[in-house]
Every structure is written in structure tokens, then in C-alpha cells.
Amino acid sequence: MTKLGISIYPEKLGEEPTIKYLDMAAKNNFKTVFANLLEIQNNEEGRARLEMFKRVFHHARKLGMDMMIDVNPDVYTQFNLPPTELQFFKDLGANIVRLDTDFGGEVEAKLSNNDLGMKIVLNPSMTTETFLNAIKFGADPKNFVANHNFYPMRYTGLEYETFLTNSMIYKTHGTPVSAWITLPPENNGVGPWNVNEGMITIEEHRDLSLKDQVLWFLKLGFMD
């Protein structure tokens, strides 16, 4: 069954407004929450922000929502973590870790076979090679999730053909696939960049209504 999720930016919206937003989303049957750790620094300010994130993330989990956090190798470096570390992120409240930039395959295979019940998210918008390499290294494809990029700047989103081709490589291995829909920019949605022309995955969706974006993905018949 197709599930809906939200993205949150507590560092911009504030802790209490974010928690109220989570409460509203949970009441309306949204199941997944996405948050971005890519900009976090291992300094006093960054550690304080991480503590605030931790409170927000754990609140999402108490509401019964999946908590997905976006990381890359720089995050591991900042906090002196080995590439196969997951406990650090679980302690923050996450049960899903998204690798915005990949490690090439072998690390992903080890992460997918973790004993913490954590799902590992790969980015199919960039390449499918890492996913296929991970399968060769013994990864569990059903412990992966494919989550496409969003593209806040006009004319940078994926073409439909690229989206479909890359998505189906994951689907043929039994891996769930997810993508992004957007509020219209005039609704003042909060995003990661100062530029926000709609946080879509597929470029042709940028000026569609929210309803039409959802229906478009539902009609594909394979989106999770």
C-alpha cells in the first residue's frame, strides 16, 4: 500500500512548531518523516542542534511514524564514525538512514545486513550501480529503500524516462521505491535551500497541483 510522508526542517521552523506539525501529520495518517543531517557540524552549535533534532525525532517515533535521516560520508567524518555505524543514528531516533552520497556498494551491503532493524535508503536518482554492486556483495535488497532526490531549482528535476528506468531496477529486486511531491512555492513550504521552486523529483511535476502529483504516482501502480 502506498504511504505518504513529510519532510521537516526543525532548524528553520523551530522545535515546538515542528512537533505540532508532526502531531498534525500523524493524525492525518502520514507514516514517514524525513530530516536532513547533511549540513550539521561537530561543534558546539552543531551538537546543540543535534540534541534538538533528537527530541523531535523521538517524538515522531512515539507517534508511530518512521524516521528517515539523510546522511553522507561527510557526516560520518564529522562525528568520527566508521562507515558501517548505525547505532549513532538509531540513538538519535532514526529507524531509516538515507545515504545521499554512496560508499560504492560493499559498505551498503554490510549496512543492509544490520541487526538493529534499520532500513538503508539509497538514492536512485544519481546511479543504480551502487545498488547492483551491493547485491553482488551479499546485500539484502528487501532491507533497502530507494528514495529519489528532490530538486528545489527549476529545470534540475529528473526526466520521466530516467526516473522510470532507475526505479524499475530496484523494483525488480523487491526494493520499495519512493519519490517527492511538493507544496506549491507560494504555500511557503520550508526547504533546505534559500531557493525553493518546488521540491519535486520529476521536473514535469513542478507546476502540478499537489493532488495531481499524488494521482500521477498512484497511477504508475508501483510506487510505495
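In case you missed it, the structure is sitting above this.
Note that this is a predicted model, so its numbers are computed, not measured.

Cut-offs applied
- Residues numbered from 1 in each chain as written.
- Predicted model: local features only at pLDDT ≥ 70, side-chain atom pairs only at ≥ 80, totals over all residues.
- Heavy atoms only, no water.
- Buried < 20%, exposed > 50% of the residue type's maximum accessible area, 1.4 Å probe, protein only.
- Helix = DSSP H or I, 4+ residues; strand = E, 2+ residues; numbered from the N terminus.
- Pairing = 2+ DSSP bridges.
- Right-handed = clockwise from strand over helix to strand, strands pointing away.
- Core = buried A, V, L, I, M, F, W, Y, C linked by side-chain atoms within 4.5 Å.
- Salt bridge = Lys/Arg side-chain N within 4 Å of Asp/Glu carboxyl O.
- Axes fitted to C-alpha atoms, helices over the stretch in contact; angles between N-to-C directions.
- Parallel < 35°, antiparallel > 145°, perpendicular 65-115°, else oblique.
- Left-handed = near helix turned anticlockwise from the far one by under 90°.
- Contact = heavy atoms within 4.5 Å.
- Expected span 1.5 Å × (residues − 1).
- Arc of directions from axis to C-beta.
- Polar contact = N/O pair within 3.5 Å; in protein donor to acceptor, adjacent residues only side chain to side chain.

### Considering the pairing of strand β4 (residues 96-99)
1) Next: Side chains Ile 96 and Arg 98 project from β4 onto one buried face, and the interleaved Val 97 and Leu 99 project onto a second face that is buried too.
2) Next: Where strand β3 (residues 66-71) and β4 come together, 4 bridges link them in parallel fashion. Bridge pairing in β4 links Val 71 to Leu 99.
3) Next: With 3 bridges connecting them, β4 and strand β5 (residues 119-122) associate as parallel partners. Across the sheet, the residue bridging to Ile 96 is Lys 119, located in β5.
4) Next: Taken together, β4, helix α6 (residues 106-112) and β5 form a β-α-β motif whose crossover is right-handed.

### Section: the nonpolar core
It is characteristic of soluble globular proteins that their nonpolar side chains tend to be buried jointly.
1) Next: Of all hydrophobic cores here, the largest spans 50 residues; its most connected members are Ile 8, Leu 37, Phe 57, Ile 69, Val 71 and Phe 89.
2) Next: By residue number, the principal contributor to this core is helix α3 (residues 44-62), which donates 6 residues.
3) Next: Counting residues in hydrophobic clusters, the runner-up holds 9 residues, among them Met 68, Ile 96, Val 145 and Trp 180.

### Thoughts on the pattern of salt bridges
1) Next: This model, assessed by the stated rule, comprises 8 salt bridges.
2) Next: Where Arg 55 meets Glu 15, a salt bridge forms, and the shortest distance between an N and an O atom there is 2.9 Å. Of this pair, Arg 55 sits in helix α3 while Glu 15 sits in helix α2 (residues 15-27); the two residues are 40 residues apart in sequence, bridging distant segments of the chain.
3) Next: For Arg 55, a relative accessible area of 46% translates into the label partly exposed.
4) Next: For Asp 66, the salt bridge identified is with Arg 61, shortest N-O distance 3.9 Å.
5) Next: You can call Asp 66 partly exposed: its relative accessible area is 22%.
6) Next: You can call Arg 61 partly exposed: its relative accessible area is 33%.

### Some points on the packing of α2 against α3
1) Next: Where α2 meets α3, the axes come as close as 10 Å, and the angle between the chain directions of the two elements is 15 degrees. What the angle tells us is that α2 and α3 run roughly parallel. Seen along the crossing, α2 lies across α3 with a hand that is right-handed. Mapping the contact onto sequence places Glu 15, Thr 18, Ile 19, Leu 22 and Asp 23 in α2 and Met 52, Arg 55, Val 56, His 59 and Ala 60 in α3.

### Focus: the environment of Lys 3
1) Next: Within the secondary structure, Lys 3 sits in the segment before β1 (5-7).
2) Next: Judged by relative accessible area, which is 41%, Lys 3 ranks as partly exposed.
3) Next: As a C-alpha pair, Lys 3 and Arg 47 span 44 residues in sequence and 32 Å in three-dimensional space.
4) Next: Residues in contact with Lys 3, not counting those within four places in the same chain, are Lys 31, Asp 66 and Asp 224.

### Observations concerning α3
1) Next: Between its terminal C-alpha atoms α3 stretches 27 Å, which fits the 27 Å expected from 19 residues at 1.5 Å a residue.
2) Next: Within α3 the residues assigned to the buried category are Gly 46, Leu 50, Met 52, Phe 53, Val 56, Phe 57 and Ala 60. End-on view of α3: buried residues confined to an arc of 170 degrees, all on one side of the axis. Residues of α3 that are exposed and point over 90 degrees away from its buried face: Glu 44 and Lys 62.
3) Next: Buried residues in α3 make contact with α1 (10-13), α2, β2 (32-36), β3 and α5 (87-92).
4) Next: For α3, the N-terminal cap is Asn 43; the gap from its side-chain oxygen to the backbone nitrogen of Glu 45 is 3.3 Å.

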